[in-house]
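Here is what each chain is made of, one letter per residue.
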Amino acid sequence: MVSAAEQLAQNINFSAFSKAEDLQRRIWFTLGALVVYRFGTFIPIPGINPQAFAETFERSSQGILGMFNMFAGGAVERMAIFALNIMPYISASIIMQLMTSVNKQLEQLKKEGEQGRKTINQYTRYLTVLLATFQAYGISIGLEGMQTQSGAVVMDPGWFFRASTVITLVGGTVFLMWLGEQVTQRGIGNGISLIIFAGIVAGMPSAIAGLFQLSYEGSIPVVIAFGVLALMAVVVLCIVFMERAQRRLLIQYPKRQVGNQMMQGNASHLPLKLNSAGVIPPIFASSLLLLPTTAAQFTATPDAEGGSQWLNYMVALLGYGQPLHMAIYAALIIFFAFFYTAVVFNPQETADNLRKYGGYIPGIRPGAKTAEYIDYVLTRITVVGALYLAAVCLLPELMIANTPVPQTFAAVLGGTSLLIAVSVTMDTVAQVQSHLLAHQYEGLLEKSQLRGKSAKGRKRRSPARK
């Protein structure tokens, strides 16, 4: 039997958009918010020399700055007011999630429902401002110490520049945090994810154009350029399949008596995602692995004798495409996949909730045994999910090691960026479908109410029978 919800989902088509006026307003609001965000990535902070900073960024773009620039949609490259992007909020959210698992007070707040969630969100905002302030002050100090052939990056260093930089960058992060919340409430949802998605997707057309430009100049064979695009399509299909993959545990509910009737027990499923950690493991692993590279590039000197020699040696070993780099990167991704899955999913809490509502897994004793079984299944599927994440994120490394594709293009067209773009796209499509489904349900309710009123009117107008 096909349920009514499934029938409505099958009947959803593009013609329903013309009738869903509320969904149209939400989509236009979301597009407007993303346009505002993209406009802000082109406004530089006051007091810097753009030409000198461009030279500095060109030298350091292979480190962690290059990854942040990719997530920020080019704002770091231009040192715009949105250079910090939404990353401080992401870091604060992850820290708060970790704290809720070790702090009893925060764990109690999490169990209080909507009011507790609002309190935790408020703590997350405060922590975001604190992290953004520290990062902005560090950026201002770093900018003052940069010297290039075109002169100093900061035209008038001092406390006034530091204060203006901190206020500008923190204000940009707070504005993006507010903008993401507005998109979540008044748009189509997933506001924070859409902002990161917009930053990544904005760099893809230029990356594809640059790839074909290099092919036109003869630096890259045409076959490799088209092969990269074909590989992108294959990776997208694999990501869609793996992100939708689930391991469903059968949940049985016993018979129960309601009044004088005996209600038949029903069956349900507990879905366990193959990749419960999402894109957090690649982001953490990339950040840790690129720290030595970035530090060496900032401390590098023109002469061969100066600088940090041991950092330069680390850069040579941890360079893109090197076997040690790929091995450590894969190990960090697998470690963070298990670590973050253990943070976001608690088998003991799930088992307690099942026992509370009378549900059980057939053949498994409720309580501790159920928690052990769920943890056993979750560990096995997390192995597959972690290997899948490592394979997708190592794809750019293999492209750089075995093809003449530059690192900038390989990072944008594969790996973490493609994983985030596909995941957010699937979530956004699901949000749009849910709004269309709600709109069609409202239409059915209105029709049933009109039929009920018309039937009552005909009954009143009909002559009374003797």
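Residues numbered from 1 in each chain as written. Predicted model: local features only at pLDDT ≥ 70, side-chain atom pairs only at ≥ 80, totals over all residues. Heavy atoms only, no water.

Colleague: With reference to specific residues and values, describe the overall build of the protein chain.
Modeller: From N to C terminus, the protein chain includes 17 helices and 6 strands. Relative to its 466 residues, the protein chain shows a buried fraction of 42%. For the protein chain, restricting intrachain contacts to residue pairs at least 6 apart in sequence, the fraction spanning at least 24 positions comes to 74%. When the accessible area of the protein chain is evaluated, it comes to approximately 26100 Å², of which 62% is carbon and sulfur surface. (Helix = DSSP H or I, 4+ residues; strand = E, 2+ residues; numbered from the N terminus. Buried < 20%, exposed > 50% of the residue type's maximum accessible area, 1.4 Å probe, protein only. Contact = heavy atoms within 4.5 Å. Areas by Shrake-Rupley, 256 points an atom, 1.4 Å probe, with all protein chains shown as cover.)

Colleague: Kindly report on the packing of aromatic side chains, identifying the contributing residues and their values.
Modeller: If you walk through the whole model with that rule in mind, you get 6 aromatic pairs. Plain terms: the ring middles of Y37 and F82 are 6.1 Å apart, the flat faces sit at 15 degrees to each other, and that makes the pair stacked. Here the residue Y37 occupies a position in helix α2 (residues 21-40), and F82 occupies one in the loop between α4 (64-71) and α5 (87-102), the gap between them amounting to 45 residues. By the burial criterion, Y37 is buried, and F82 matches it. Their ring planes at 15 degrees and their centres at 6.1 Å tell us that F335 and F339 sit as a pair that is stacked. Note that F335 and F339 are positioned in helix α13 (residues 323-344) at a spacing of 4 residues, about one turn of the helix. Here the aromatic cluster, defined as three or more aromatic residues joined through ring pairs, consists of Y37, F82, F175 and W178. Directly above the aromatic system of F42 lies the positively charged group of R78, at a separation of 4.0 Å from the ring centroid. The ring of W159 has R162 lying over it, and the distance from NZ or CZ to the ring centre is 4.6 Å. (Phe/Tyr/Trp six-rings, centres within 6.5 Å; stacked < 30°, edge-to-face > 60°. Lys NZ or Arg CZ within 6 Å of the ring centre and 35° of its normal.)

Colleague: So, the packing of helix α8 (residues 159-186) against helix α9 (residues 191-217): which residues are in play, and what are the values?
Modeller: In the contact formed by α8 and α9, the axes pass within 7 Å of each other and the chain directions differ by 115 degrees. Across the interface between the two elements, L176, M177, G180, V183 and T184 of α8 pack against G191, I192, L194 and I195 of α9. Each residue belonging to the contact of α8 with α9 can be placed in one class, and the counts come to 6 nonpolar, 3 polar and no charged. (Axes fitted to C-alpha atoms, helices over the stretch in contact; angles between N-to-C directions. Nonpolar A, V, L, I, M, F, W, Y, C, P; charged D, E, K, R; others polar.)

Colleague: Break down the nonpolar core for me, with residues and values.
Modeller: Formed by 79 residues in total, the largest nonpolar core has its most connected members in I86 and I420. No other element matches the 13 residues that helix α15 (residues 368-402) contributes to this core. Those residues in contact with I86 that lie beyond four places of it in its chain are T173, L176, M177, I192 and I196. Membership of the second largest hydrophobic core comes to 22 residues, among which are A52, M79, A83 and V153. (Core = buried A, V, L, I, M, F, W, Y, C linked by side-chain atoms within 4.5 Å.)

Colleague: With reference to specific residues and values, describe a nonpolar patch on the surface.
Modeller: On the surface, a cluster of nonpolar side chains totalling about 310 Å² of accessible area is made up of F338, V383, V384 and L387. The element that contributes the greatest number of residues to the nonpolar patch is α15, accounting for 3 residues. Within the secondary structure layout, F338 lies in helix α13. (Patch = residues over 30% accessible without salt bridge, like charges linked within 9 Å, V, L, I, M, F, W, Y side chains within 5 Å. Salt bridge = Lys/Arg side-chain N within 4 Å of Asp/Glu carboxyl O.)

Colleague: Outline the environment of M204, listing residues and values.
Modeller: In this fold, M204 is placed in helix α9. According to the relative accessible area criterion, M204 is buried, its value standing at 13%. In this structure the C-alpha to C-alpha distance between M204 and L418, which are 214 residues apart in sequence, comes to 9.5 Å.

Colleague: Go over the pattern of salt bridges with me, naming the residues and quoting the values.
Modeller: Enumeration over the complete set of coordinates arrives at 3 salt bridges. For D352, the salt bridge goes to R355, with nearest N and O atoms at 3.7 Å. Pair noted here: D352 and R355 are both in helix α14 (residues 347-356), with a separation of 3 residues, about one helical turn. Using a relative accessible area of 30% as the deciding quantity, one classes D352 as partly exposed.

Colleague: Explain the packing of α9 against helix α10 (residues 222-244) residue by residue, including any values.
Modeller: Packing of α9 against α10 brings their axes to within 8 Å, and their N-to-C directions diverge by 160 degrees. Considered as vectors, α9 and α10 are oriented roughly antiparallel to each other. Two packed elements cross with a definite hand, and for α9 against α10 that hand is left-handed. Between α9 and α10, the contacting residues are I208, L211, F212 and S215 on the first element and V222, A225, F226, V228 and L229 on the second. When the residues that make up the contact of α9 with α10 are grouped by side-chain class, the tally is 8 nonpolar, 1 polar and no charged. (Parallel < 35°, antiparallel > 145°, perpendicular 65-115°, else oblique. Left-handed = near helix turned anticlockwise from the far one by under 90°.)

Take it as geometry only, folks, not as evidence of what the structure does.
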